[in-house]
Amino acid sequence: MTLISAENIKFRYSEKPVLENVTFTLDEGQITAVIGPNGSGKTTLLKLINGSLLPDSGEIYVGKKNTSQYKRKEIARKIAIVPQEASAVFPFYVEEIVLMGRFPHLGNYRFENKEDYKIVHEAMEKTDTLAFARRRFNELSAGERQRVLIARSLAQQPEILLLDESTAFLDLKHQLRFLKLLKQLNRDDGLTIVFVTQDINLAAQNAQKIILLYTGKIYAIGNPAEVISALNIQEVYAVETLVDENPQSGLPRVTLLT
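Residues numbered from 1 in each chain as written. Predicted model: local features only at pLDDT ≥ 70, side-chain atom pairs only at ≥ 80, totals over all residues. Heavy atoms only, no water.

Draft legend 1. Quick look at the overall build of the protein chain. On a plain count of helices and strands, the protein chain comes out with nine helices and twelve strands. Overall, the protein chain is about 55 × 40 × 35 Å in size when its C-alpha atoms are taken along their principal axes. Taken over 258 residues, the protein chain has a buried fraction of 48%. Counting only contacts in the protein chain whose residues sit at least 6 apart along the sequence, the fraction spanning at least 24 positions is 63%. For the protein chain, the computed accessible surface area is about 13200 Å², with 51% contributed by carbon and sulfur atoms. Of the side chains in the protein chain, 31 bear a positive and 31 a negative charge, and the two mean positions are spaced by 5 Å. (Helix = DSSP H or I, 4+ residues; strand = E, 2+ residues; numbered from the N terminus. Buried < 20%, exposed > 50% of the residue type's maximum accessible area, 1.4 Å probe, protein only. Contact = heavy atoms within 4.5 Å. Areas by Shrake-Rupley, 256 points an atom, 1.4 Å probe, with all protein chains shown as cover. Lys, Arg positive; Asp, Glu negative; His and termini not counted. Charge placed at Lys NZ, Arg CZ, Asp CG, Glu CD.)

If you want it as structure tokens, here you go:
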């Protein structure tokens, strides 16, 4: 069943067009990767799905509602977004940062209860952040901060998780652990995931659908074998590559030719 759909989306910052005539559908429970060169509109696309930006023209739907029809708390109960990086203006404890993920579920007269703290601690266990729950967020390394932001998004208990370069600051151990967690949440909880990455191999090995953006337009969309080809990469990234099959997964594998 289609969960996210966009039709002829156009968006610009001031006079600079960022996305033009972008049309796609994403199914419920699907893992989608968004790839493309710098400046191709990947982060903007996530913000449009999240409703934090509205298109200049065209329509984008989450479920049966246009994103413009959602109230912020309502869409925050449905969608969580993990930015590339965030810094805390105030020296919040890590647990406080993750607890902010429960805000969409709190009413005007309801404060955090034991169930909220249980959800927060489970999110921190899954992201290996519970050990520094009482440390200040701004004292953490970039990789540790990223894991905290992922924990905060899981504490929202969303239906859709949007991730913007979320593995960029993670070491290999936590990158692998994070990818396994995403697949587990997708498999066991039916979580729909859309992630932006510059790592084409990571996209090919972990996504069911790939959107390749180029100069604000969809250059290719489909499963990894349909999108990841030496010709597409050469035309979009202007680099020569060898694309063969990963011997373990059978999915496309990209090697740069120097």
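Draft legend 2. Structural detail: the packing of helix H4 (residues 114-126) against helix H5 (residues 142-155). At a minimum axis separation of 8 Å, H4 and H5 run at an interaxial angle of 140°. Relative to H5, the element H4 lies oblique. The interaxial crossing formed by H4 with H5 has right-handed handedness. On H5, the residues touching Ile119, Val120, Ala123 and Met124 of H4 are Ala151, Leu154 and Ala155. (Axes fitted to C-alpha atoms, helices over the stretch in contact; angles between N-to-C directions. Parallel < 35°, antiparallel > 145°, perpendicular 65-115°, else oblique. Left-handed = near helix turned anticlockwise from the far one by under 90°.)

Draft legend 3. Fine view of the nonpolar core. Counting residues in each nonpolar core, the largest one holds 46 residues, and the members touching the most others are Leu161 and Ile228. If you tally residues by element for this core, the top one is H5, at six residues. Those residues in contact with Ile228 that sit more than four places away from it in its chain are Ile35, Ile200, Ala204, Ile210, Ile233, Val243, Pro252 and Val254. (Core = buried A, V, L, I, M, F, W, Y, C linked by side-chain atoms within 4.5 Å.)

Draft legend 4. Inspection of the pairing of strand S10 (residues 217-222) at higher detail. As defined by bridge partners, strand S9 (residues 209-214) adjoins S10 across five bridges and the pair is classed as antiparallel. Counterpart to Tyr214 in the pairing with S10 is Lys217. Following S9, the chain reverses through two residues before pairing antiparallel with S10; Thr215 in that reversal takes a positive phi of roughly 50°. (Pairing = 2+ DSSP bridges.)

Draft legend 5. Region of the structure containing H4. A rise of 1.5 Å per residue sets the reference length of H4, with its 13 residues, at 18 Å; its end C-alpha atoms lie 18 Å apart and thus fit the reference within 8%. Those residues of H4 lying buried are Asp116, Ile119, Val120, Ala123 and Met124. One side of H4 holds all its buried residues, which, seen down the axis, span an arc of 135°. On its buried face, H4 sits against helix H3 (94-99) and H5. N-cap assignment for H4: the residue whose side-chain oxygen lies 3.0 Å from the backbone N of Glu115 is Asn113. In the stretch just after H4, Asp128 is the one whose phi turns positive, near 60°. (Expected span 1.5 Å × (residues − 1). Arc of directions from axis to C-beta. Polar contact = N/O pair within 3.5 Å; in protein donor to acceptor, adjacent residues only side chain to side chain.)

Draft legend 6. Highlighting the side chain of Gln156. Along the chain, Gln156 falls in the loop between H5 and strand S7 (160-164). A residue is classified by how much of its surface remains accessible, and Gln156, at 11% relative accessible area, is buried. A polar atom in the side chain of Gln156 sits 2.8 Å from the backbone oxygen of Ala76. Among residues more than four places away in sequence, those in contact with Gln156 are Ala76, Ile79, Ala80, Gly101, Arg102, Pro104 and His105.

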